[in-house]
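A closer look at the structure
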Amino acid sequence: MRYLTIFLIVINLFVATSCSRHHSDKKPPEAVKGVLDLSDWDFDKDGPVTLNGDWEFYWNQLLVPLDFDTATQSAKKFISIPGAWNDRKPEGKKLGEDGYATFRLLLKLKEPHKAYALEIIPVLNAFNIWVDGRQITSVGKVGKSKEAMIASRVHHVARLHPDSPHAGQVQLLLQVSNFHGINGGIQRPILFGTKHQVQQIRENKMCMDIFLLGGILIMSLYHFGLYFLRRKEISVLYFGIFSFIVSIRIIFSSNSVLLNFYSGLDWETGLRILFLTALAGFPVFLTLIKSLFPEECRLAPVRFMQGTALVCSIIIFFTPADIFTHILPPYSLLIILFAIYGLYVLIRATANKKEGAGLLLAGGIMLLLAGINDALHSNFTINTGLFVPFALFAMIFIQAFILSRRFTNAFTQVEVLTDELQEHQVHLEELIEDRTFELQEKNTKITDSLEYAKMIQRSLLPVTDVYKTHIPESFAIWEPRDIFGGDIIFADFFDDCAIVCVVDCTGHGIPGAFMSMIASSGLRKIISDEGCHDPAEILKRLNYFVTVSLQQDTDNAYSDDGMDMALCAFHKADQTMTFAGAKQSLFYIHENELTVVKGDRQSIGYKKSKLDFNFKNNTIDQ
């Protein structure tokens, strides 16, 4: 904020020093009845003057100096300069905008033979200028019709060496015509001073124009570059477009000295560009405000302004100057209304403490005050100078400052987040290392526990030496997929028989191991404790044992697990084998022939088990 304040102070000082026209506080005189008395005016000390006041006025006449040799005082009419002749009533009725006239002024000078110069700022008029009977310059082409006239908007300086036959008196004669604009006549003050003073003022204006153009154009190109690098910030694009429009308007403004560099450009084309920039600038700026403060600015006014500017732009493209120049006055009223709305939006944004809203509000108020000052200065109510271009530049600088601060804050936030992320990453690595160590410890404990449980499960299997004693030519393979197995081998040996079964339990790993232990426990209870050696009966009892143990015979059962098995009883006395199967089959080879004995289609356990299901025995002889 401190740098912004310093910048605005420097701008104000530069404007005050570069645009100053008077060397003293002495009030310049004004013309009275066609005579401007400057006999007491010291140009070296008091500076240049504007040729304001009452000029002789001859409507619809293009007079030359020789015509005034016979002119009488009674034929004279007078008109106040500067100002348009549209609403003047020298003959009792309004003159209107189109027409031609001759203006005449007598200057009484203290030093009439000094080198003087005139500065003329035409709008859409054409001028022929005579000094003491000698034509010194032409601006455009004066004509008595639209076809004969060529308008001009070139900032012009005419140098003259007064050579009056009457000592101390200089006669200025101006022929003026207008058929292309909404205002006719001498609309801007004519500056009169020494050649050096007028040239110095012109150079000061050119320096200021170049300064404003260069600064605003650089801001525009800079923000275009920012947008193309990061297209998420649409406000940066709108600001670049607005700055570019203002820079183009500075070039083609009728007050701009830079317009002289485009003197070969068709005047109507230059005027179209000037009007188009006036139409496009405010809608773009309102769109920029909408992008910056979307909650405070409604979309409907922005769309209305954009649509109005589009329609007016089409009219400017396809109509001649004497038609499209009438658009600007009503459009200016619309701009005033929407400028008030824009200030309202900025006030709301400031009240809501939105970033940059206060600075933009200050810039908007400054621009409004500059507009009021320029209007009063143009009407000669005050004599301060034109400040709207500088207010626009300050407004653009404020906006650039706000956008730059936003980017700076964003980069600062990125740096802070980066530091926090790096710090978090360090802590995260430490945390991961700690968690990894804890998981490794837990995993080691769990693995150790599982290995120990595996040892317990393995202890339930029959010992190889034992069943080889009873069944010499036999072997068993038990390789669980996980540490635990859902499959189990059970064997029990008695004096008259040997019972062997293979069980396939539901699931793998720990769930399968639990089921295998239930199966082993049930088989031991039924075979060893209860002394049941009949395979079919063993399966029936085991089905009952598993179903009841897991409460699968009730409505509160959580488990729907079970097992399939094949059970064989080898009888030593008659050398026969009895087989019963629960969804398992028996495969045996006798005399090189493979035989399959299928078991019953009923599992052990599960919710759908039939507790009273009777399994079938199958006897195989030796």
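Let me begin by describing the structure that accompanies this report.

Conventions and cut-offs
- Residues numbered from 1 in each chain as written.
- Predicted model: local features only at pLDDT ≥ 70, side-chain atom pairs only at ≥ 80, totals over all residues.
- Heavy atoms only, no water.
- Patch = residues over 30% accessible without salt bridge, like charges linked within 9 Å, V, L, I, M, F, W, Y side chains within 5 Å.
- Areas by Shrake-Rupley, 256 points an atom, 1.4 Å probe, with all protein chains shown as cover.
- Salt bridge = Lys/Arg side-chain N within 4 Å of Asp/Glu carboxyl O.
- Helix = DSSP H or I, 4+ residues; strand = E, 2+ residues; numbered from the N terminus.
- Buried < 20%, exposed > 50% of the residue type's maximum accessible area, 1.4 Å probe, protein only.
- Pairing = 2+ DSSP bridges.
- Core = buried A, V, L, I, M, F, W, Y, C linked by side-chain atoms within 4.5 Å.
- Contact = heavy atoms within 4.5 Å.
- Polar contact = N/O pair within 3.5 Å; in protein donor to acceptor, adjacent residues only side chain to side chain.
- Axes fitted to C-alpha atoms, helices over the stretch in contact; angles between N-to-C directions.
- Parallel < 35°, antiparallel > 145°, perpendicular 65-115°, else oblique.
- Left-handed = near helix turned anticlockwise from the far one by under 90°.
- Nonpolar A, V, L, I, M, F, W, Y, C, P; charged D, E, K, R; others polar.
- Phe/Tyr/Trp six-rings, centres within 6.5 Å; stacked < 30°, edge-to-face > 60°.
- Lys NZ or Arg CZ within 6 Å of the ring centre and 35° of its normal.

1. Notes on a nonpolar patch on the surface
Residues L310, I314, F317 and F318 make up a contiguous nonpolar surface patch of about 490 Å² in total accessible area. Structurally, the position occupied by F318 is in helix α6 (residues 299–318). F318 gets classed as exposed once you look at its relative accessible area, which sits at 69%.

2. A look at unusual backbone geometry
The omega torsion of the bond from I81 to P82 falls at 0°, within 30 degrees of zero and hence cis. Checked against the element boundaries, P82 lands in the loop between β4 (78–81) and β5 (99–109). Of note in the backbone geometry, K33 takes a positive phi value of approximately 55° without being a glycine. Tracing the chain through its elements places K33 in the loop between α1 (2–18) and β1 (35–38). Classification of K33 as exposed rests on a relative accessible area of 55%. One non-glycine residue, D132, lies in the positive phi region at around 50°. Take D132: it is sitting in the loop between β7 (126–131) and β8 (134–139).

3. Re the pairing of strand β11 (residues 191–194)
In this sheet, β11 lies alongside strand β2 (residues 49–50) in antiparallel orientation, the contact comprising two bridges. Bridge assignment links V49 to a residue of β11, and that residue is F192. Direction of pairing for strand β6 (residues 116–120) relative to β11: antiparallel, over a ladder of four bridges. The partner of Y116 across the bridge, within β11, is T194.

4. Re the nonpolar core
The biggest cluster of nonpolar side chains holds 60 residues, and the ones touching the most others in it are F293, Y331 and L360. Those elements that place two or more of their residues in this core are α3 (195–229), α4 (234–252), α5 (267–292), α6, α7 (321–324), α8 (328–351), α9 (357–378) and α10 (388–459). Sort the elements by how many residues they give to this core and α5 lands first, with 13 residues. Those residues within four positions of L360 in sequence are excluded, and the remaining contacts are L292, F293, L346, M395, I398, Q399 and I402. Residues I81, W85, I120 and F192 belong to the second largest nonpolar core, which totals 35 residues.

5. Some words on the side chain of N178
Among the structural elements, N178 can be located in strand β10 (residues 169–178). From its side chain, N178 meets the backbone oxygen of E97 in a polar contact 2.7 Å long.

6. What about the packing of α5 against α8?
At their nearest, the axes of α5 and α8 sit 11 Å apart, and the two run at 15° to each other. If you check the angle between α5 and α8, you find them roughly parallel. α8 is crossed by α5, and the crossing has left-handed handedness. Listed contacts from α8 to F275, A278, L279, F282, P283, L286 and I289 of α5 are L328, Y331, I335, F338, A339 and V345. Among the residues forming the contact of α5 with α8, the class breakdown is 13 nonpolar, no polar and no charged.

7. Some details on the pattern of salt bridges
Per the stated rule, a full pass over the model turns up nine salt bridges. We note a salt bridge from R435 to E438, for which the minimum N-O separation is 3.9 Å. Of this pair, R435 and E438 are both found in helix α10, three residues apart, which corresponds to roughly one turn of the helix. The closest approach of N and O atoms between R541 and E530, which form a salt bridge, is 2.8 Å. Remark: E530 occurs in the loop between α12 (509–529) and α13 (535–549) and R541 occurs in helix α13; sequence separation between them is 11 residues. Overall, R541 belongs to the partly exposed group, its relative accessible area being 32%. Taken together, the shared-partner salt bridges in this structure form one network comprising K525, E530, E537 and R541.

8. What to know about the side chain of S220
If you trace the backbone, S220 turns up in helix α3. Engagement of the side chain of S220 in a polar contact is seen with the backbone nitrogen of F244, the distance being 3.5 Å. With residues near it in sequence (within four places) discarded, S220 still touches G240, S243 and F244.

9. So, the packing of aromatic side chains
This structure, assessed with the given rule, holds 16 aromatic pairs. Consider the rings of F57 and F103, whose centres lie 5.2 Å apart with planes at 55°: the pair is tilted. Residue F57 is located in strand β3 (residues 53–59), and its partner F103 is located in strand β5; the two are separated by 46 residues in the primary sequence. Of the two residues, F57 and F103, neither departs from the other in class, the shared state being buried. Ring geometry for F304 against F338: centres 6.0 Å apart, planes inclined by 20°, an arrangement best described as stacked. Highlighted residues: F304 in helix α6 and F338 in helix α8, separated in sequence by 34 residues. Of the aromatic side chains, those joined through ring pairs into one cluster are F57, W59, W85 and F103. Over the ring of F68 we find R104, and its NZ or CZ is 4.5 Å from the ring centre.

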